[in-house]
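# Reading the structure
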Amino acid sequence: METYYRGFAKKEGWESVISDNFEFRADNMEKEDINKGKETYVNIIARFSRLYQNVRIKRMIIDGNNASVIANYDYIFPNGKHISGDVAEFWTAKDGKLTSLHIYFDTLTFDKNTPKK
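Residues numbered from 1 in each chain as written. Predicted model: local features only at pLDDT ≥ 70, side-chain atom pairs only at ≥ 80, totals over all residues. Heavy atoms only, no water.

The chain is annotated in an unreviewed UniProt entry as Nuclear transport factor 2 family protein of Oceanihabitans sediminis.

Right under this line is the structure:
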């Protein structure tokens with residue numbers, strides 16, 4: 001976990017701890033959206049990394065191969081709005097690699113501050 005968040009804060013080096021069969025789920029009230037594969041997750045984070053400037057761990061609980069994290073992100077949205085927000089992150093790991101992540105965050109704030117295509 002430490003390698004991931006240290007690299008994530010620098011926006012480099014975090015990929016080494018992601019398993020090839022990684023599953024990522026960002027909770028949305030309207031649908032369950034599961035993204036599979038390391039490459040898919042790396043591409044999602046490439047887009048997301050344009051929005052956040054800093055990340056801090058507020059709380060981390062590790063229990064065997066599971067971890068719960070409350071992370072605080074400083075965002076700068078395309079419309080210029082600066083916001084600091086918490087994200088609940090639930091991880092699983094196996095054989096030293098992170099295998100899944102399920103996050104909960106304020107989707108309304110993202111929707112209001114991100115241009116529609």
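Still more ground to cover, so stick around.
Relative to strand β6 (residues 97–104), strand β1 (residues 18–26) is paired through five bridges, and the arrangement is parallel. Residue pairing for β6: A26 is matched across the bridge by I103. Bridge count between β1 and strand β2 (residues 34–36): three bridges; the pairing is antiparallel. Bridge pairing in β2 places F24 opposite N35. (Pairing = 2+ DSSP bridges. Helix = DSSP H or I, 4+ residues; strand = E, 2+ residues; numbered from the N terminus.)

It is worth spelling out the confidence of the model for the chain at this point. Across the chain, the average pLDDT comes to 91, with 95% of residues at or above 70. Across the chain, strand β4 (residues 66–76) holds the top mean pLDDT of 97, while helix α3 (residues 107–113) sits lowest at 85. (pLDDT = per-residue confidence, 0-100.)

Turning to the sheet that holds β4, a few remarks are in order. Sheet strands pair by backbone hydrogen bonding; their relative direction is either parallel or antiparallel. Read across the sheet, six strands follow the order β2-β1-β6-β5-β4-β3 without closing on themselves; strand pairing throughout is mixed. At either end of the open sheet lies a strand with only one pairing partner, and these are β2 and β3 (52–63). Strand-to-strand, the axes of this sheet are offset by a mean angle of 20 degrees, without reference to chain direction. Each of β1, β3, β4, β5 (82–94) and β6 is contacted by helix α1 (residues 2–10), which is oriented at about 170 degrees to β3, the strand it contacts most. Across the sheet, helix α2 (residues 38–48) touches β1, β2, β3, β4, β5 and β6, and the angle it forms with β1 is around 55 degrees. (Axes fitted to C-alpha atoms, helices over the stretch in contact; angles between N-to-C directions. Contact = heavy atoms within 4.5 Å.)

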